[in-house]
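# Architecture at a glance
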Amino acid sequence: MDKLVIKGKTPLKGEVTINGAKNAAVAILPAALLIDGITTIENLPNISDVKLLCEIIENLGAKITWISNNAITIDSRNISCTQAPIELTRKFRASYYLIGALLGRCGEVQVGMPGGCKLGARPIDQHIKGFEALGAKVEVGQGIIKATREKLIGTNIYMDIVSVGATINIMLASVLAEGTTIIDNPAKEPHIVDVANFLNALGADVRGAGTDVIKINGVQKLEGNITYSVVPDQIEAGTFMLAAVASHGDIIIRNCITKHLECITAKILEIGAHAEELDGDTIHVWCNKRPTKANIKTLPYPGFPTDLQPQMGVVLSMANGTSIINESIWESRFQYTDELNKMGAKITSQGKTAIFEGVSTLYGAPVSATDLRAGAALIIAGICADGITEIHNLEHIDRGYENIEEKFRKLGANITRVKEDDPNNHLVDLPE
Ligand code: EPZ
């Protein structure tokens, strides 16, 4: 097991390049199983969730070849199995996309109940409702989901809740269905549009992704031999934007889509920091005074993303005044506030609301990443804090950020990854 050791109070300065989006990549890889051919995926983040998904897909009979650190080919001509390894699929959330893809391609599929970050209840009723509306039979029991179909027939599906996963899964299942599927009240996140673009590049007919209604005209067959580049990660870009603000730094962020960042930019300007678009894929963020308080409510895109709520929480924990965050997506996404309080923050949380009484300084302390974005938030806190911070449970962070400590180090952070049990690496002797 590794831990991160950070010597703090560093204003971040320099340039960082954003990787492809985790939450698009983990849907695009299963989507590649819809074809009987070969696809090349570029700008793929090299993170543990992607590697795990590659392992699962290979278990199903596909052949994956890494052609560079961030590009693979997927040869899905020989899908020989529709039962995904139960233990592997339970390890993360996105394994549920195998259901939509394999229902479409093979007509039957079995996966373990998807795991993922512990953010409260994570039901999949909207996914099941969609599959059943298309004509599939879905059985859930003993930690396993099994879905089968004679044929899938397009229909109108109204989503009771705006769900990223269910929207993508219904798109995956319906591209090869007979007739037209309409998804009303879908999610509109950039990764929804990216998955639709990928499907259309394979020959699907998906219209309206990113709007309030998605229309999918089923086609008989999808074709391979395409090369597709995953959309830049909105959440990774937002993480570095908020790190620049929290540390009173000055960062240029490259390979992002600035349009996707407007919900974050608006809040950065509101609290007195600065964000300026340099061109469509570069943004400059800086902060030269203590930010002021703000209230935040997380919402589906284009609202403020829940996946940046903990990182924003770090900024507000050191803001001038008292801020309130209302988390409207997940039941339990304030676990990181207990860790921040160990560093001197003054945050009280109850249910889906947390009150941040801004303090002028955080102090280094040993803390644990409780989930992926909580881990990113603690890194930002460690970079801002006076003294040394140790962050444990890095497996959460490695699920979704490629080379995160290397990127922060290039921005000037004093951050090192060490073995947990190495007696020479314990809260002392960090290089200046
Ligand atoms: C995706 O999760 C992301 N994960 C999450 O990112 C992200 O927080 C979330 O979308 C919201 O943006 C992936 O893309 C792999 P949802 P997902 O279905 O699809 C309820 C990260 O840090 N709901 O949009 O699982 C659900 O309980 C992760 O990268 C139902 O009630 O989220 C939640 O309250 C964490 N029934 C809300 O909808 C359902 O069938 C939104 O969930 C499905 C969801």
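Everything quoted here is computed from the prediction, not taken from an experiment.

Taken together, 24 residues lie near the ligand, and Gln126, Ser163, Val164, Asp307 and Ile329 sit nearest. Measuring from an oxygen atom of the ligand, one finds a side-chain N or O atom of aspartate 307 at 2.6 Å. Protein chains bury 91% of the 820 Å² of accessible surface belonging to the ligand in isolation. At the level of elements, helix H1 (22-31), helix H5 (125-133), helix H6 (164-174) and helix H12 (372-384) are the ones that each hand at least two residues to the shell around the ligand. Per-element tally for the shell around the ligand: the top contributor is H5, with 3 residues.

This brings us to the pairing of strand E1 (residues 2-7). One ladder, built from 6 bridges, connects E1 with strand E23 (residues 414-419); its direction is antiparallel. The residue of E23 that forms the bridge with valine 5 is threonine 416. Pairing of E1 with strand E22 (residues 388-392) involves 4 bridges; the strand directions are antiparallel. Across the sheet, residue leucine 4 finds its bridge partner in E22, namely isoleucine 391.

By domain assignment, the chain separates into domain 1 (2-18 + 232-427) and domain 2 (22-229). In this structure, domain 1 and domain 2 have C-alpha centres spaced 30 Å apart. The interface is formed by 21 residues belonging to domain 1 together with 22 residues belonging to domain 2. Summed over both partners, the interface of domain 1 with domain 2 buries about 1,800 Å², with 51% contributed by carbon and sulfur atoms.

Here we come to unusual backbone geometry. At the junction of tyrosine 301 and proline 302, the peptide bond is cis and its omega measures out at 10° in the coordinates. The residue proline 302 is located in the loop between strand E17 (295-297) and helix H10 (309-317) in this model. The backbone of asparagine 225 shows a phi angle near 60°, a positive value even though the residue is not glycine. Tracing the backbone through its elements, the reader meets asparagine 225 in the loop between strand E12 (213-217) and strand E13 (226-229).

In this model, the chain carries an average pLDDT of 94, and 97% of its residues clear a pLDDT of 70 or more. Note on residues 427-432: pLDDT under 50 across the span, and 10 contacts to partners over four residues away in sequence or across chains.

The next subject is helix H8 (residues 234-246). With 13 residues, H8 should cover 18 Å at 1.5 Å per step; its first-to-last C-alpha distance of 18 Å lies within 8% of that length. The buried fraction of H8 is high, at 13 of 13 residues. Taking the backbone nitrogen of isoleucine 235 as reference, a side-chain oxygen 2.8 Å away marks aspartate 233 as the first, capping residue of H8. Two residues or fewer after H8 comes histidine 248, characterised by a positive phi angle close to 55°.

Criteria and thresholds
- Residues numbered from 1 in each chain as written.
- Predicted model: local features only at pLDDT ≥ 70, side-chain atom pairs only at ≥ 80, totals over all residues.
- Heavy atoms only, no water.
- Near = heavy atom within 4 Å.
- Polar contact = N/O pair within 3.5 Å; in protein donor to acceptor, adjacent residues only side chain to side chain.
- Areas by Shrake-Rupley, 256 points an atom, 1.4 Å probe, with all protein chains shown as cover.
- Helix = DSSP H or I, 4+ residues; strand = E, 2+ residues; numbered from the N terminus.
- Pairing = 2+ DSSP bridges.
- Domains from an automatic or database assignment.
- Contact = heavy atoms within 4.5 Å.
- Buried area = accessible area lost by both parts, 1.4 Å probe.
- pLDDT = per-residue confidence, 0-100.
- Expected span 1.5 Å × (residues − 1).
- Buried < 20%, exposed > 50% of the residue type's maximum accessible area, 1.4 Å probe, protein only.

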